[in-house]
Amino acid sequence: MSSDSNRPGQSASSLDEIRAARLQKVDDLKQLGLNPFAYRWDVTANTADLQATYADLAAGEEVEVEVALAGRIVARRVFGKLAFFSLQDESGLIQLYLEKATIQEHMAATDENAFEHLKQLTDVGDILGVRGTIKRTEKGELSVKVQEYAMLTKALLPLPDKWHGLTDVAKRYRQRYLDLIVNPTARDTFRKRALITTGIRRYLEDRGFLEIETPVLQSEAGGAEARPFTTYHNTLEMDLYLRIATELHLKRLVVGGFERVFEIGRIFRNEGVSTRHNPEFTSVEFYQAYADYYDFMDLTEDLVATLAKDVLGTLKITYQGIDIDLTPPWTRVTMHDLVREHTGLDFHQFSTLEAAKAAVQDLKLHGVEDCDSVGKLLNEVFEQKIETTLIQPTFLIDHPVEISPLSKPHRSKPGVVERFELFVAGREIANGFSELTDPIDQRHRFELQAARKAAGDLEATGVDEDFLTALEHGMPPTCGEGIGIDRLVMLLTDSPSIRDVIAFPLLKPERED
RNA sequence: GGGUCGCUAGCUCAGCGGUAGAGCACUCGGCUUUUAACCGAUUGGUCCUGGGUUCGAAUCCCAGGCGACCCA
């Protein structure tokens, strides 16, 4: 533990006084022969189960059943010979009914002043173990009538305000443990995140998908358009990149004969931070041989609906005040049709980039000059004018080939690929396509990327010769998809910021001075 | 990258040129039915940092730090 001056945002003296008072209590406990940092406690119950089991117990009634539980004191209401604490464990809250006569009777052998010591030596924030019976108080609060207690961990620092809680968002992220202690919705979000992640894993495994881990450190970062983080391997004397997608390695596994593979894993992109972007985030990518993008749109509908039902119990959700119905099937619309509906512009009719640029002038788009193809311009129109309007779940399909370097050409429509992106609440949640299996075409697409990279495009990737060699050995027709788990969790937990669903989001360190 | 807003006690906030405040928490005293307990008393501050203006700066100005939101 560093000195107090290292603790950010906390000026010294007052906090030091609180801390000093608690350190004195640590000493007092030791003087009494009690360990303020105990080793264990036999726990036989949790608060949520007790609340459920005794939900019908009438006010004033007691049950002579012994329970033992442990948790953090989050509130104290102390009288002369009676006290009420609120004890919080992972499952919830319960009141402790702490009566002097009862406690001193049961603890006489170990501490004849146990009740006085309880009043003097415990604080909000301490971890307490208790044993006792069940009683619903005359005012109707289900309680554990404590016979014995033990300090399990003495907290030296105070918790945030019991009523206002912790609202400073920077502090919530920097000291997430405080957020978790005082904000039940934060706990609930991470619980749901875990259910969603395991739900995805179970769903895929139930359908024969095998989870295989692929490298994070790569000599060529591919599979997406994004700036990678760069690192260096000392003994190999080479630059390495943190992966920006799991795509190209999972597809190598399909070449190798695994017909259904997936990976849930951390992805790293060296890009801006916002309410929708964290430099490291979690995706699930999955690949199924002999399937196409129609199969995966069906699968995606079923997967997301299954998760919503299992985790939330409903397909009708609310995101930031907007009602969203996840009931399949979802709208499927081509990018060309959607742009035509919104702008009246039919991008099939533009034979040259110049003609397309002239046509979009009235839309006042940003970055038109950087667009080097009609397909890219079409995508810009979508992203800048339409994306945020796709509130109900919508599959945007059949993207231009120029923005889809790993997708198989559409079987009947020239210039577009068999690709879909899922949008909900105005945000991209998933991206999938019939995988390009033609190594000649794939080499051509890579070379176009490499040319852009050579021209200074930091998001363009180079030619991955190793992957091309794999493709030349033959990859079966395959569909692949990636889902942004963070954004899916945001959607299903009604979280406005990606930082609300990442336990420890990236933050700039606070300045030391 | 641009703009707007914020940063004052452990927490939540007020104060906006003239002695740094409130509620809760903490400390002490009282209290056997509280649940934001109550009653009484006492504490607690590098007003984010550094410059500047001024007789005087938490307050006005400049620069920086961190954050939030919006735009790109």
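Residues numbered from 1 in each chain as written. Chains lettered and ligands numbered in written order. Predicted model: local features only at pLDDT ≥ 70, side-chain atom pairs only at ≥ 80, totals over all residues. Heavy atoms only, no water.

### Structural notes on the overall build of chain A
Item 1. Helix and strand content of chain A: 15 helices and 18 strands.
Item 2. Overall size of chain A, expressed as C-alpha extent along the three principal axes, is 90 × 55 × 50 Å.
Item 3. A total of 513 residues make up chain A; the buried ones form 50% of that total.
Item 4. Taking the contacts inside chain A whose residues are at least 6 apart along the sequence as the reference set, 65% of them involve residues at least 24 apart.
Item 5. Of the accessible surface of chain A, which amounts to about 25100 Å², a share of 51% is contributed by carbon and sulfur atoms. (Helix = DSSP H or I, 4+ residues; strand = E, 2+ residues; numbered from the N terminus. Buried < 20%, exposed > 50% of the residue type's maximum accessible area, 1.4 Å probe, protein only. Contact = heavy atoms within 4.5 Å. Areas by Shrake-Rupley, 256 points an atom, 1.4 Å probe, with all protein chains shown as cover.)

### Some points on the pairing of strand β3 (residues 92-99)
Item 1. By the criterion of burial, β3 is predominantly enclosed, with 6 of the 8 residues buried.
Item 2. In terms of strand pairing, strand β2 (residues 82-89) meets β3 through 8 bridges, oriented antiparallel. Looking at β3, one finds that F84 is bridged to Y97.
Item 3. Where β2 folds back onto β3 in an antiparallel hairpin, the turn is made up of 2 residues. (Pairing = 2+ DSSP bridges.)

### With respect to the pattern of salt bridges
Item 1. Tallied over the full model, the rule gives 35 salt bridges.
Item 2. Here R252 and D464 are joined by a salt bridge, their closest N and O atoms 3.3 Å apart. Taken together, the positions of R252 in helix α8 (residues 247-255) and D464 in the loop between α13 (439-454) and α14 (465-472) put the pair 212 residues apart, joining distant regions of the chain.
Item 3. The buried category is assigned to R252, whose relative accessible area is 17%.
Item 4. Given the relative accessible area of 9%, D464 is considered buried.
Item 5. Across the pair D292 and R411 runs a salt bridge whose closest N-O atoms are separated by 2.9 Å. In this pair, D292 is assigned in the loop between β11 (280-289) and α9 (293-312) and R411 in the loop between β15 (394-397) and β16 (419-424), connecting sequence segments 119 residues apart.
Item 6. By relative accessible area, which is 17% here, D292 ends up buried. (Salt bridge = Lys/Arg side-chain N within 4 Å of Asp/Glu carboxyl O.)

### As for the sheet that holds strand β7 (residues 217-218)
Item 1. One open sheet holds the 3 strands; their spatial order is β7-β9-β8, and the pairing between them is antiparallel. Each edge of the sheet is formed by a strand with only one pairing partner; in this case those strands are β7 and β8 (230-233).
Item 2. In this sheet, strand β9 (residues 238-242) lies alongside β8 in antiparallel orientation, the contact comprising 4 bridges. Opposite H233, over in β9, you have M238 as the bridge partner.

### Re the environment of A21
Item 1. Tracing the chain through its elements places A21 in helix α1 (residues 12-31).
Item 2. Looking at A21, the relative accessible area reads 39%, which means it is partly exposed.
Item 3. A21 sits 135 residues away from L156 along the chain, and the two C-alpha atoms are 8.5 Å apart.

### Some details on the sheet that holds β3
Item 1. An order of β1-β2-β3-β5-β4 is seen for the 5 strands of this closed barrel, with the pairing classed as mixed. Adjacent strand axes in the sheet meet at a mean angle of 55° when their direction is disregarded.
Item 2. Sitting on the sheet, helix α3 (residues 100-107) is in contact with β3 and β5 (142-153), with an inclination near 50° to β5.
Item 3. Contacts between helix α4 (residues 114-121) and the sheet are confined to β1 (62-78), β2, β3 and β5, with β5 contributing the most and set at about 70° to the helix. (Axes fitted to C-alpha atoms, helices over the stretch in contact; angles between N-to-C directions.)

### What about the packing of aromatic side chains?
Item 1. Evaluated as defined, the whole model comprises 10 aromatic pairs.
Item 2. Relative to F286, the ring of F209 lies with its centre 6.2 Å away and its plane at 90°, an arrangement referred to as edge-to-face. Highlighted residues: F209 in the loop between α7 (184-206) and β6 (210-211) and F286 in strand β11, separated in sequence by 77 residues.
Item 3. Owing to a relative accessible area of 0%, F286 belongs among the buried residues under this scheme.
Item 4. Taking 5.4 Å as the distance between ring centres and 90° as the angle between the ring planes, the aromatic pair formed by F395 and F420 counts as edge-to-face. Of this pair, F395 sits in strand β15 while F420 sits in strand β16; the two residues are 25 residues apart in sequence, bridging distant segments of the chain.
Item 5. F395 gets classed as buried once you look at its relative accessible area, which sits at 0%. (Phe/Tyr/Trp six-rings, centres within 6.5 Å; stacked < 30°, edge-to-face > 60°.)

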